[in-house]
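Chain by chain, the residues:
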Amino acid sequence: MDQSQLWQRYQDWLYYDPDLNFYLDISRMRFSDQFVQEMQPQFQKAFQDMADLEAGAIANPDENRMVGHYWLRNPDLAPNAELKADITDTLEKLKTFAAQVHSGYIHPPKEARFTDVISIGIGGSALGPQFVSQALAPLDAPLNLHFIDNTDPKGIDDQLEQLRDRLSSTLVLVISKSGGTPETRNGMIEVQKAYEAQNLNFGSHAVAITGKGSKLEQIAISEGWITTFPMHDWVGGRTSEMSAVGLVPAALQGIDIDSILEGAKTMDNLTRKSQLKTNPAALLSLAWYAAGNGKGEKDMVVLPYKDSLSLFSRYLQQLVMESLGKEKDLDGNTVYQGIAVYGNKGSTDQHAYVQQLREGVPNFFATFIEVLKDRDGDSPEVEAGVTSGDYLSGLLQGTRLALYENERDSITITVGEVTPRTVGALIALYERAVGLYASLVNINAYHQPGVEAGKKAAASILELQNNVIEVLQQEKTSLSLSEIAQKVNAPDSVEAIYKIIRHLHSNYRGVKVEGNWGKPSDLKISWAN
Ligand SMILES: O=P(O)(O)OC[C@H]1O[C@H](O)[C@H](O)[C@@H](O)[C@@H]1O
């Protein structure tokens, strides 16, 4: 296509909503009009699936659950009065809670006010709050938010060390839908011990956000925590930003949560339309389908050209990959679906891996996210007539062009500025695009059966570790790895035992080891005490 044809294609496919000041450009994705025609029946089915989902269908059949994240920003859509009341009551309760924390009405036992928040959670119970905090928290936020999103001891220490002198005025949010995720539980126990070490009552500083009746809820109630907020079973972790999971941390930081919800609701209205060209989520899912032949053959590289949106790529990684990465389709066929997502931000990534995007293996499509407003106030010139923001804008256009010239496709999303409303709209856009794409490829986007395998394997490694320690403590003489494996009745687990021993030894946990780590079969292991 020559430049005038491309300009025409740009105008033909440009989606613009003046109210949100939102643009979507899929003109640089190489699909034909015929492809769009052929996709029409699948899209009509996808629109119907989405309408059914919003009306309360069991859209997550494996878990026998409704899928209700769209109701969170429009409670009138909830399929019955009880669910609607659940949503509005929770919203009211969390707003009141945040206001009372800000005013000092709710305060820690030994201080007049809370100054900081530690949010403990992982996956969907962390990525949304992290993204929204980075995108929207004001520099003078009423409370500073810190995250523990792993069971890495050093990571936990680093967070606690920063808060050592302010623990007495730090609020703890423990966020877990299931209330039983080990990483989150470990973070909670370690933080609790840090409070106890300072003679602080943990419960008077703690709030749980969790599913009804979960183990975490029981702990919170029995220990008299400040309060709990519900996480409903019809909201998945990766679509929970607009439930208490995302809204409590955001409200505590003084972020305008009503505008986030309103932006999402507005985007939901736009993406409910059943005309492909008037529905930006449909256009997005069409472009994904075209890029990867509906089989995820191309990775999605997400490049927001705005530092405050850099965690959007990580947030989308879970939303897209956990939703679409499925072995089976809804009819039980083996399909190995998914779209790989990675990215960080532009123009930074141009100095890292864009070399490969431009010239290397052509296994991706890019998504540029452009923000029109550079900053509050005027910009200094870095060259005659040119600002830093002009550079950022020029680098985005340049990279898009350079990729396209070399047969690398891209989507461009443009927003006026990063506000609570646009962030809400962006989240809603991708949630709907993922839902539509899932329908197009006939998979359940709302379960994650594959995640369990790693969790089960980890549990059996910990059980093996306990058995190994028990055997070593009973033995008088040193043993080889295979002797230990025999004694714990796990002759096939020598490699796992080697790694357990190596980790215990590295952390001075009581094992004595003689020999060369490079020759595992020569090692002699005993209990040191
Ligand atoms: O909120 P939680 O129950 O603690 O779950 C946290 C995360 O862990 C799981 O393994 C799931 O794969 C995620 O979808 C979920 O968001």
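Calculation notes
Residues numbered from 1 in each chain as written. Predicted model: local features only at pLDDT ≥ 70, side-chain atom pairs only at ≥ 80, totals over all residues. Heavy atoms only, no water. Buried < 20%, exposed > 50% of the residue type's maximum accessible area, 1.4 Å probe, protein only. Helix = DSSP H or I, 4+ residues; strand = E, 2+ residues; numbered from the N terminus. Pairing = 2+ DSSP bridges. Axes fitted to C-alpha atoms, helices over the stretch in contact; angles between N-to-C directions. 1 Å grid on protein atoms, 1.4 Å probe; cavity = no way out; pocket = protein on both sides within 12 Å on 5 of 7 lines; lining within 4 Å. Points joined across faces, edges and corners; volume = space filled by probe spheres on them. Nonpolar A, V, L, I, M, F, W, Y, C, P; charged D, E, K, R; others polar. Domains from an automatic or database assignment. Phe/Tyr/Trp six-rings, centres within 6.5 Å; stacked < 30°, edge-to-face > 60°. Lys NZ or Arg CZ within 6 Å of the ring centre and 35° of its normal. Near = heavy atom within 4 Å. Polar contact = N/O pair within 3.5 Å; in protein donor to acceptor, adjacent residues only side chain to side chain. Areas by Shrake-Rupley, 256 points an atom, 1.4 Å probe, with all protein chains shown as cover. Sits in = over half its atoms within 2 Å of the grid points.

Caption draft 1: Main features of the pairing of strand S3 (residues 116-120). Where burial is concerned, most of S3 is hidden: five out of the five residues are buried. Side chains Asp116, Ile118 and Ile120 project from S3 onto one buried face, and the interleaved Val117 and Ser119 project onto a second face that is buried too. Bridge count for S3 against strand S4 (residues 144-148) is five bridges, and the pairing is parallel. Its bridge partner being in S4, Ile120 is matched across the sheet by Ile148.

Caption draft 2: Focus on the sheet that holds strand S6 (residues 206-210). Sheet architecture is open: five strands sit in the order S4-S3-S5-S6-S7, paired in parallel fashion. The sheet is open, and its two edges are formed by S4 and strand S7 (227-230), each paired on a single side. Each strand axis lies, on average, 20° off the axis of its neighbour in the sheet, ignoring direction.

Caption draft 3: Seen up close, empty space enclosed by the protein. As enumerated under the stated definition, the model contains three cavities of 30 Å³ or more in all. The calculated volume of the largest cavity comes to roughly 80 Å³. Residue lining of the largest cavity: Leu72, Ile87, Thr90, Leu91, Leu94, Pro230, His232, Met242, Ser243, Ala244, Leu247 and Leu261, and that is the complete set. Of all the secondary structure elements, the ones that give two or more residues to the lining of the largest cavity are helix H3 (81-103) and helix H8 (244-252). Top contributing element to the lining of the largest cavity by residue count: H3, with four residues. Here the residues of the lining of the largest cavity sort into nine nonpolar, three polar and no charged. Lining of the second largest cavity is provided by 13 residues; of these, Gly124, Gly128, Gly237, Ser240 and Tyr315 occupy positions nearest its centre.

Caption draft 4: Representation of the domain arrangement of the protein chain in the model. Parsing the protein chain into structural domains produces domain 1 (3-66 + 259-447), domain 2 (69-255) and domain 3 (450-527). Relative placement of domain 1 and domain 3: their C-alpha centres are 47 Å apart.

Caption draft 5: Region of the structure containing the packing of aromatic side chains. For the structure shown, the criterion picks out 21 aromatic pairs. Taking the centre distance of 5.5 Å and the plane angle of 85° together, the rings of Phe202 and Trp225 count as edge-to-face. Here Phe202, found in the loop between helix H6 (182-197) and S6, pairs with Trp225, found in the loop between helix H7 (215-222) and S7; they are 23 residues apart in sequence, far enough to count as distant. For the pair Phe202 and Trp225, one class covers both residues: buried. Three or more aromatic residues joined by ring pairs form one cluster here, namely Trp13, Phe31, Phe35, Phe131, Trp288, Tyr289, Phe312, Tyr315, Tyr430 and Tyr437. Over the ring of Phe31 we find Arg9; its NZ or CZ atom is 4.6 Å from the centre of that ring.

Caption draft 6: Local environment of the site of the ligand. Close contacts around the ligand come from 13 residues, with Ser125, Ser176, Ser178, Thr181 and Glu322 the closest. With respect to the ligand, the side chain of Thr181 contributes an N or O atom lying 2.5 Å from an oxygen atom. At 2.9 Å, a side-chain N or O of Lys455 approaches an oxygen atom of the ligand. Within the complex, 88% of the 390 Å² of free accessible area of the ligand lies under protein. At a threshold of 2 Å from the grid points, most atoms of the ligand map onto the largest pocket. Of all elements in the fold, only helix H11 (311-324) and helix H15 (451-474) reach the threshold of two or more residues within the shell around the ligand. Its residues assigned to classes, the shell around the ligand comprises two nonpolar, eight polar and three charged.

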